[in-house]
Amino acid sequence: MEKDQQTKEQEIYKFWEKEGLFSADPDSNKPPYSLLMPPPNLTGDLHLGHAMQHAILDAVTRTKRMQRFDVLLLPGVDHAGIQFEGTLTKLLEKEGLSKHKLGREKWLERAWQFKKDVYKSFHNTWTVMGISADWSREVFTFEPRIQKAVFEEFKTFWEQDLLYKGAYIVSWCPKCGTAIEDVEMEYEERRETLYFVRYQIEQSQAKSDFVNYQIQDGDEFITIATTRPETIFADTGIAIYKNHPKFSKFAGKNAINPLNGNVIPIFEDKRVDKEFGTGALKITPGHDPLDYEIGKDHALPILHVIDKTGRMTELAKDLAGLKIDEAEKEAAKKLERSGSLIKTEELIHSVPICERCKTTVEPLVSEEWFLKMEPLAKKALGRIDEINFYPTNYKKILTDWLEKIHDWCISRSQWWGHRIPVWYCSKCNPGHAVGKSKDMVVSFEEPGKNLPAGKQDCQTCGEKHWEQDEQVFDTWFSSGMWPITTLGWPEKTKEIKRYFPWDFELTSPEIKYLWIARMIMLSLRFKDNVPFKNMFFHGMLRPLTGAKFSKSLGNAVYPDELIKAWGTDATRMTLYTYSAPGRDSRTSKQLMDERAKNFRNFSNKLRNIAKFTIELKPEDSATEMSNHEDDKWILEELNKTIEQATKNIEKFELHLATEELYDFIWHKFADIYIEKSKSRREEAQPTLEYVLETSLKLLHPFMPFTTEELWQKTHPGKSIMAEAWPTT
RNA sequence: GGAUCCGUAGCUCAGUUGGUAGAGCGUUCGAUUCACAUUCGAAAGGUCACAGGUUCGAGCCCUGUCGGGUCCACCA
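Here's a quick rundown of the structure. Remember, predicted model here, so these are calculated numbers, not experimental data. (Residues numbered from 1 in each chain as written. Chains lettered and ligands numbered in written order. Predicted model: local features only at pLDDT ≥ 70, side-chain atom pairs only at ≥ 80, totals over all residues. Heavy atoms only, no water.)

### Some words on the overall build of chain A
Each helix and strand counted, chain A has 20 helices and 25 strands in total. Each of the three principal axes of chain A carries a C-alpha extent, and together these read 120 × 65 × 50 Å. Burial analysis of chain A (728 residues in total) assigns 54% to the buried set. The contacts of chain A with a sequence gap of at least 6 include a subset with a gap of at least 24, amounting to 78%. With the model as given, the accessible surface of chain A reaches about 32,300 Å², and the carbon-plus-sulfur share is 48%. Across chain A, the mean location of the 101 positive side-chain charges is 1 Å away from that of the 112 negative side-chain charges. (Helix = DSSP H or I, 4+ residues; strand = E, 2+ residues; numbered from the N terminus. Buried < 20%, exposed > 50% of the residue type's maximum accessible area, 1.4 Å probe, protein only. Contact = heavy atoms within 4.5 Å. Areas by Shrake-Rupley, 256 points an atom, 1.4 Å probe, with all protein chains shown as cover. Lys, Arg positive; Asp, Glu negative; His and termini not counted. Charge placed at Lys NZ, Arg CZ, Asp CG, Glu CD.)

### Brief notes about the sheet that holds strand 19 (residues 440-442)
Strands sit in the order 19-18-20 across an open sheet of three strands; the sheet is antiparallel. Sheet topology places strand 19 and strand 20 (466-468) at the edges, where each strand pairs with a single neighbour. When the angles between neighbouring strand axes are averaged without regard to direction, this sheet yields 30 degrees. Note that strand 18 (residues 422-425) and strand 20 share three bridges and pair antiparallel. Bridge assignment links Cys 425 to a residue of strand 20, and that residue is Trp 466. Along the sheet face, helix 5 (residues 144-159) touches strand 18 and strand 19 and points at about 125 degrees away from the line of strand 19. (Pairing = 2+ DSSP bridges. Axes fitted to C-alpha atoms, helices over the stretch in contact; angles between N-to-C directions.)

### Focus: the nonpolar core
Among the nonpolar cores identified, the biggest contains 96 residues, and Trp 16, Phe 504, Phe 602, Phe 669 and Phe 702 are the most heavily contacted of them. In terms of residues, this core owes the most to one element, helix 18 (residues 654-677), which gives eleven residues. By size, the runner-up hydrophobic cluster in this structure holds 59 residues, among which are Val 150, Leu 162, Leu 371 and Leu 376. (Core = buried A, V, L, I, M, F, W, Y, C linked by side-chain atoms within 4.5 Å.)

### Some words on the packing of helix 8 (residues 374-383) against helix 13 (residues 512-527)
Running from N to C, helix 8 and helix 13 point in directions that differ by 95 degrees, and their axes come no closer than 9 Å. Here helix 13 runs roughly perpendicular to helix 8, going by the angle between their axes. Here Leu 376, Ala 377, Lys 379, Ala 380 and Arg 383 of helix 8 come into contact with helix 13, specifically with Ile 520, Met 521, Leu 524 and Arg 525. Of the residues belonging to the contact of helix 8 with helix 13, the class tally is six nonpolar, no polar and three charged. (Parallel < 35°, antiparallel > 145°, perpendicular 65-115°, else oblique. Nonpolar A, V, L, I, M, F, W, Y, C, P; charged D, E, K, R; others polar.)

### Remarks on the protein's contact with RNA strand B
For RNA strand B, the set of nearby residues contains 49 residues, the closest of which are Tyr 187, Ala 225, Arg 586, Glu 653 and Trp 666. Sugar and phosphate atoms form 68% of the subset of RNA strand B atoms that lie within 4 Å of the protein. Here a base nitrogen of RNA strand B and a side-chain polar atom of Glu 675 are 3.3 Å apart. Within the side chain of Lys 678, one N or O atom sits 3.2 Å away from a phosphate oxygen of RNA strand B. Among the elements that make up the surface near RNA strand B, the one with the highest residue count is helix 16 (residues 589-615) (twelve residues). Partitioning the surface near RNA strand B into residue classes produces 18 nonpolar, twelve polar and 19 charged. (Near = heavy atom within 4 Å. Polar contact = N/O pair within 3.5 Å; in protein donor to acceptor, adjacent residues only side chain to side chain.)

### Looking at the sheet that holds strand 5 (residues 163-173)
Sheet architecture is open: four strands sit in the order 6-5-14-16, paired in antiparallel fashion. Two strands bound the open sheet, and with one partner strand each, they are strand 6 (178-180) and strand 16 (408-409). The pairing of strand 14 (residues 362-371) with strand 16 spans two bridges and is classified as antiparallel. Bridge pairing in strand 16 places Phe 370 opposite Cys 409.

### As for the pattern of salt bridges
One pass over the full model with this rule turns up 47 salt bridges. Close ionic contact of Arg 271 with Asp 269 constitutes a salt bridge, the shortest N to O distance being 3.0 Å. Residue Arg 271 is classed as partly exposed on the basis of its relative accessible area, which comes to 31%. Between Lys 640 and Glu 637 there is a salt bridge, with its nearest N and O atoms 3.1 Å apart. Highlighted residues: Lys 640 and Glu 637, both in helix 17 (residues 629-650), separated by three residues, approximately one helical turn. By relative accessible area, Glu 637 is classed as buried at 10%. Overlapping salt bridges, with partners in common, bring together Lys 379, Arg 383, Glu 386 and Asp 528 in one network. (Salt bridge = Lys/Arg side-chain N within 4 Å of Asp/Glu carboxyl O.)

### Comments concerning the packing of helix 15 (residues 568-577) against helix 16
Interaxial distance between helix 15 and helix 16 falls to 8 Å at its minimum, and their mutual angle equals 125 degrees. In this view, helix 15 runs oblique relative to helix 16, as classed from their interaxial angle. Helix-helix and strand crossings are classified by hand; for helix 15 and helix 16 the assignment is right-handed. Here helix 15 contributes Ala 570, Met 573, Thr 574, Leu 575 and Thr 577 to the contact with helix 16, which in turn contributes Met 592, Arg 595, Ala 596, Phe 599, Arg 600 and Phe 602. Looking at side-chain class alone, the contact of helix 15 with helix 16 contains seven nonpolar, two polar and two charged residues. (Left-handed = near helix turned anticlockwise from the far one by under 90°.)

### Some remarks on unusual backbone geometry
In this model, Tyr 390 is joined to Pro 391 through a cis peptide bond whose omega is -5 degrees. Positionally, Pro 391 belongs in the loop between strand 15 (388-390) and helix 9 (394-403). Of the consecutive residues Trp 489 and Pro 490, the connecting peptide bond is found in the cis state with omega at 10 degrees. Even without glycine at this site, Arg 68 takes up a positive phi of about 70 degrees. By the element assignment, Arg 68 lies in the loop between helix 2 (48-66) and strand 2 (70-74).

### Considering helix 16
Its 27 residues place the ends of helix 16 37 Å apart at the C-alpha level, agreeing with the 39 Å of an ideal helix rising 1.5 Å per residue. Buried within helix 16 are the following residues: Met 592, Asp 593, Ala 596, Phe 599, Phe 602, Ser 603, Leu 606, Ile 609, Ala 610, Phe 612 and Thr 613. (Expected span 1.5 Å × (residues − 1).)

### Considerations on helix 9
Residues of helix 9 that are buried include every one of Tyr 394, Leu 398, Thr 399, Trp 401 and Leu 402, and no others. Seen from one end, helix 9 has its buried residues packed into an arc of 165 degrees, which puts them on one side. The outward face of helix 9, more than 90 degrees from its buried face, is lined by the exposed residues Lys 396 and Glu 403. Summarising the contacts, the buried residues of helix 9 are in contact with helix 8, strand 15, helix 13 and strand 23 (532-537). (Arc of directions from axis to C-beta.)

### What to know about the side chain of Ser 28
In this fold, Ser 28 is placed in the loop between helix 1 (3-18) and strand 1 (32-36). Taking the relative accessible area as the measure of exposure, Ser 28 reaches 15% and is therefore buried. Reaching out from Ser 28, the side chain makes a polar contact with the backbone nitrogen of Lys 30 at a distance of 2.8 Å. Excluding residues that lie within four positions of it along the chain, Ser 28 makes contacts with Asp 70 and Arg 498.

Following this line, the structure appears as structure tokens:
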């Protein structure tokens, strides 16, 4: 696109803003229509998926405005805890810096600086794309007002006994240094070694001298299969399935841990898979979720041989300090030396990895906060029918998930996020235990910070030694409140009364559980209503291989490049062709370019139609539309187009609406009608003008800049945005 | 293992109450001083994955098969 054009577009954008055309007016007597922008994560530039989302949102927004609604398109940005920290960490690594070198205060300074940079880039893209959001109402999920709201959220849950804190097995990312949720994990197929290890059955005589342990003739053994010999140090039992033909005779006896000589019980448990390995399972409650469950039921102790940084603990004796994969090899060698390793096999299985940093996730026991989800999910299930899903099958997908809901681990061991508003007395409660005890307080600020001694002291020791919980909330704990905090909750604002529930929300299917399901549950909990009436899931744009676009693979297509090459409107039109609800599309830079080029040609066609109609208007033109059959025909076609386009926008089928308009304007209006009109130009002129103006209005939601520019030719100083949507 | 979506022209995809197969790009042929070569006209190209069924009629509805994607669960 030419420089001039870009400048022109920026002038148009400023003109719209100056005229206040983006602003919602809660005092208006027009009916309200509200759209909620999914806040992009504060991590970098906006990608193609964002561009498509925002283009869709903006088209619906502009149509509704022209249909005389008081429209609110509310924009914002998500502070994106884990993802933001990951991005910033990479940035700092390049400078040889790290979180711990900088310290909390300096690090947060850098974080806010980085936030500023990303904001600049976001706003630039939004402006360039012509997004007509009400910027005066923009929200950042980490701003002070939202911090207050998140505190209210937590406090309410606390008062209703829906929160608990405790040591549970969680999925831990050693690189991010925090617990993560199942929904934040991916799986990767890996070729691994399956080790068959035999454990000696403890004889009735005294425990053998383990240091000089040698297998004797006549010893009895139980053999298990494991991919993780390094965790044997933390074994506290062996489970076999019921009536195991070879091993059931050992149930009730003890086995000797081949790595440290600990005596561990053998017992039956129905959760052991008959088909896998030997039918006997070593139980390591500290490092495996299933083992944790089994261990709990059999009252086994929990040992830790891997720490939160992914290294072996003192429990591993001479292997302490090793990384997990090194420890695996060393442990296998030890087992081999003692004759405990029977054989190895190759096993292909999928390993959980952190969605953000791709590090292998370790199941670990950690102190975390949890939110009880069952009551929330139940309510959501009862009212999910009130939402129209596009495509409709997403209702079932979400329903299935809600039916199998599990408690939500809401704490993260990070710095970038809403700090958990809980204070412990360091004197009476140094372990930060949680209960209804008097040495723990839920408070937004330090309790009694500005009060004289004696006020808000610890009620156990009568002194003031408060320290805040170190952890922060999962990002989604605040994002889940997005539909109501954006409108001022917990205050009872006129905005929330008027614009909630939202008429339209859209997102990528990737975050349907993380975000959409949570918004539904939380909105029902705090506002007793579903968050939105229409929930639109767009498809994913993928590379031709069908995988995923990724920055690191270098196959990503950037909206800015398309805009530079073909113009904003052409890029927007290209994105609409991919916007069928729930349909993934394969594409590439080349295919996007081809399509965008075509729409660039279309906007050129539109300019030429305008030039022909307006600039080359004959002097002695008629003033009334004629009844000529060609005129009647094009008006009929125009009416059909108005109907179709309106209907398809109503159903959020923008790919159909744009196709309809494209076909009408180019192939009916230009190719047929205009050609024929040349022989009776004066008579046709009023119809030409009418069809052009109506076409510009219909096209405006999709191609805002070109249509505004052409509109100005005949309506200087007046915006097409303020025009009424055409009807038949 | 469970769920879900998809399989339409060489490529990427539309095709929503079932009624004679569409777009863009690509290919071939032709036109063009008259708004536009960022153009116009025309052509070639499809047993709509396969097999049954419902129907006067199926790309669309039902059943099954094959192939691909995605999500969830499990993965010692």
